There are 2 protein chains.
Amino acid sequence: MERTELNILGEFGLIERIASQSQVHNSTTIKGIGDDAAVVVADQGYQLLSTELLIEGIHFDLSYVPLKHLGYKVVVVGISDVLAMNGIPKQITVSIGLSNRFSVEAVDELYSGIFAACEDYGIELVGGDTTSSRSGLILSVSAIGTVEKEKIAYRKGAKLNDIICVTGDLGAAYLGLQILEREKQVFLDAPEAQPLLAGHEYVLQRQLKPEARLDIIKQLSDLNIAPTSMIDVSDGLASELRHLAAESGLGVRIFEEQIPIHQKTYLAATELKLGPFTAALNGGEDYELLFTIRQEDYQKIMDHTTDISFIGFMSADPSEAFLITKQNEAIPLTAQGWEKSEDA
Amino acid sequence: MERTELNILGEFGLIERIASQSQVHNSTTIKGIGDDAAVVVADQGYQLLSTELLIEGIHFDLSYVPLKHLGYKVVVVGISDVLAMNGIPKQITVSIGLSNRFSVEAVDELYSGIFAACEDYGIELVGGDTTSSRSGLILSVSAIGTVEKEKIAYRKGAKLNDIICVTGDLGAAYLGLQILEREKQVFLDAPEAQPLLAGHEYVLQRQLKPEARLDIIKQLSDLNIAPTSMIDVSDGLASELRHLAAESGLGVRIFEEQIPIHQKTYLAATELKLGPFTAALNGGEDYELLFTIRQEDYQKIMDHTTDISFIGFMSADPSEAFLITKQNEAIPLTAQGWEKSEDA
């Protein structure tokens, strides 16, 4: 593959190269890359602003993460927090710290993923900062979006007996990471070995190219349902549930058998001798949405949406956060390792 | 000094500690730190969004930069780009990557500087991300602000014969950095030596605790003057002038004797055997504002403002960017090293 050194382009050349690929999808974007600040027109309602910092060696390992996938994932991670407020993401900025190990072609790969995600989610890259780094790749993403005032969903706001919902399925991204880590170790021990990834495409995809649930936000909007509270599942279901409970001053009860887990997640868990429910509860990086709805909205969601599971309800006692097992035992959600792996 | 390890607080504890110190100055801030995204109400007009990434070892050297000063400077760097659009900064987010070399007390110092700057500029910290880093301190700052549509100042927009203005004085921050680098080298060679900083307080302050020119933006607003183009001086006057010229499709002519240089900058330059004008033109980190005004606004600025210098004008030929020396020679602004240091 061709390799062009970054210093041939220079910082301004690099910015121009990125800017030339940026496409505008929102009429609210007045000026994107190329001035001191991006300029947008605010819609009616609230503006949302979120930001994430991703560091090589901490958040991603370039020995098995393709740069294009990383670019896509950075956008997903950035906009997921806007969605978690029931908002529609509109613009992002991406700042990048690059060591001279990266070529122009590598940067192009990264941005091809960023632009693919921008296209998929109807947003645009409006700015950022580029700088050198002595220690690998650093990515900082900020997202802005909008939400109608009466539809905003904070972490706080769930009411007693509200139904707890979660989108998609959980735990797959964590198991995808474990598969990748296993194969990396195999490669380090015996570089001639072929990676054993077959059959794990689903969990690998969930780790390498997660999707943000803009589709769900639009479905809820179409149904005129505003979640009473919401958060995105980035750190694992248990941690996010505790946030919703603490902020809303209530307890939570969820049911093990209602937790959505993909059959490929069970398969990977079995192979890795890990518990699929532990992965769902504590794995993280799912980027699904966890939210609460009023009981009267339940039927509407049942009838008109797919890919939303009802996993429990808000309870009165703020000190309780329980998982009700298939054996009808109540286990504190803080407990780790309660679940035995399939064949251990 | 007391040292508390960061892992005693944990990530959520750290976020709570930071959030508890945050004060709200703007009524447009609905929700700051503590949810998935910050929530703000958009004023009428345009919203501005800018972002900067600062990396230890590239942008700052903690062997001589106090953490409190660094915190202050991060905010200044962040909001300077909003000011450069003729906007008023309202909120910032700061994301931070920390290695375990940093204690809770060190993080407190950093944030004390961030909050001091927020207080001085009437803005609030509304969010961010905290993560671990294997390689020193990483800071990412995003700023949002607002500007009336008819008052926005892009880099593009200067007209023929518009007067080029610059605030404050230039070159001092660069010379402050050179003084600090010199004393670091002395210390490395002979740790028992006392640093020779006396007499250089001004240039050191300009490097370590620069100020963003919110005062100038307010003065211009009071006078009902909208600059025809504007940029902040972060990379040095020459580079910024070329941006304004290129974006506006015009040339620039500036006069050496009009470039504002502080007497303490001359002093430091003499001691370091560096050219003060070279520092002003190519040094950077001044965070002053460079802008153009229509000729008819000149007298109003002369009569009613201080700390603005008129350094030249926009010329017709887009291919020219000249500095007119005291000897009336026209020297291309791209030329480096044209200036002999005072005593070299």
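Residues numbered from 1 in each chain as written. Chains lettered and ligands numbered in written order. Predicted model: local features only at pLDDT ≥ 70, side-chain atom pairs only at ≥ 80, totals over all residues.

A. Here's a closer look at the overall build of chain A. Looking only at helices and strands, chain A features 10 helices and 14 strands. In terms of overall size, chain A behaves like a compact globule, its C-alpha atoms giving a radius of gyration of 21 Å where 344 residues would be expected to give roughly 20 Å. Seen along its three principal axes, the alpha-carbon backbone of chain A occupies a region of about 65 × 60 × 30 Å. When the 344 residues of chain A are sorted by exposure, 51% land in the buried category. Looking at chain A alone, contacts between residues at least 24 apart form 85% of all its contacts between residues at least 6 apart. (Helix = DSSP H or I, 4+ residues; strand = E, 2+ residues; numbered from the N terminus. Rg over C-alpha atoms; globule rule 2.2 N^0.38 Å. Buried ≥ 20, exposed ≤ 12 C-beta atoms within 10 Å, placed from the backbone. Contact = placed C-beta atoms within 7 Å.)

B. A look at the sheet that holds strand 9 (residues 229–233) of chain B. Residues and elements named next belong to chain B. A sheet is described by the order of its strands in space; here 7 strands give the open sequence 9-11-8-12-10-13-14, paired in mixed fashion. The sheet is open, and its two edges are formed by strand 9 and strand 14 (330–332), each paired on a single side. Pairwise comparison of adjacent strand axes, ignoring direction, gives a mean angle of 25° for this sheet. In this structure, strand 10 (residues 251–255) lies alongside strand 13 (residues 321–324), joined through 4 bridges in parallel fashion. Bridge pairing in strand 13 places Arg 253 opposite Phe 322. (Pairing = 2+ DSSP bridges. Axes fitted to C-alpha atoms, helices over the stretch in contact; angles between N-to-C directions.)

C. Spatial organisation of the pairing of strand 5 (residues 124–127) of chain A. Residue and element names in this part refer to chain A. For strand 4 (residues 88–98) and strand 5, the ladder comprises 3 bridges, and the chain directions are parallel. If you follow Thr 93 over to strand 5, its bridge partner there is Gly 127. Handedness of the β-α-β unit built from strand 4, helix 3 (residues 104–121) and strand 5 comes out right-handed. (Right-handed = clockwise from strand over helix to strand, strands pointing away.)

D. Expanded view of the packing of helix 2 (residues 67–83) of chain A against helix 3 of chain A. Residue and element names in this part refer to chain A. At their nearest, the axes of helix 2 and helix 3 sit 6 Å apart, and the two run at 40° to each other. Relative to helix 3, the element helix 2 lies oblique. Once helix 2 is placed against helix 3, the crossing between them reads as right-handed. For the pair formed by helix 2 and helix 3, the contact residues are Leu 67, Lys 68, His 69, Leu 70, Gly 71, Tyr 72, Val 74, Val 75, Val 76 and Ile 79 on the first element and Ala 106, Glu 109, Leu 110, Tyr 111, Ser 112, Gly 113, Ile 114, Ala 116, Ala 117, Cys 118 and Tyr 121 on the second. By residue class, the composition of the contact of helix 2 with helix 3 is 15 nonpolar, 4 polar and 2 charged. (Parallel < 35°, antiparallel > 145°, perpendicular 65-115°, else oblique. Left-handed = near helix turned anticlockwise from the far one by under 90°. Nonpolar A, V, L, I, M, F, W, Y, C, P; charged D, E, K, R; others polar.)

E. Seen up close, the domain arrangement of chain A. Residues and elements named next belong to chain A. Domain boundaries in chain A define domain 1 (6–150) and domain 2 (163–332). The centre of domain 1, based on its C-alpha atoms, is set 26 Å off from the matching centre of domain 2. Listed per partner, the contact involves 16 residues of domain 1 and 18 residues of domain 2. Of the residues forming the side of domain 1 that touches domain 2, the biggest block, 8 residues, is contributed by helix 2. (Domains from an automatic or database assignment.)

F. Summary view of the interface of chain B and chain A. With 45 residues of chain B at the contact, the number on the chain A side is 45 residues. Elements represented by at least two residues in the side of chain B that touches chain A include exactly strand 2 (38–41), strand 3 (46–55), helix 2 (67–83), strand 4 (88–98), strand 5 (124–127), strand 6 (130–132), strand 7 (138–147) and strand 9 of chain B. If one sorts the elements of the side of chain B that touches chain A by residue count, strand 3 of chain B sits on top with 9 residues. Of the residues assigned to the side of chain B that touches chain A, the class counts are 22 nonpolar, 15 polar and 8 charged. Relative to strand 3 of chain B, strand 2 (residues 38–41) of chain A runs antiparallel, the two being bridged by 4 bridges. Bridging from a neighbouring strand, A:Val40 pairs with B:Gln47 of strand 3 of chain B.

G. Region of the structure containing helix 6 (residues 214–222) of chain A. Residues and elements named next belong to chain A. Every buried residue of helix 6 is accounted for by Ile 216, Ile 217 and Leu 220. Taken down its axis, helix 6 places every buried residue within 100° of arc, on the same side. Of the exposed residues in helix 6, the ones pointing more than 90 degrees away from its buried face are Lys 218 and Asp 222. Check the buried side of helix 6 and you find it contacts helix 2, strand 4, strand 8 (163–167), strand 11 (288–293) and strand 12 (308–315). (Arc of directions from axis to C-beta.)

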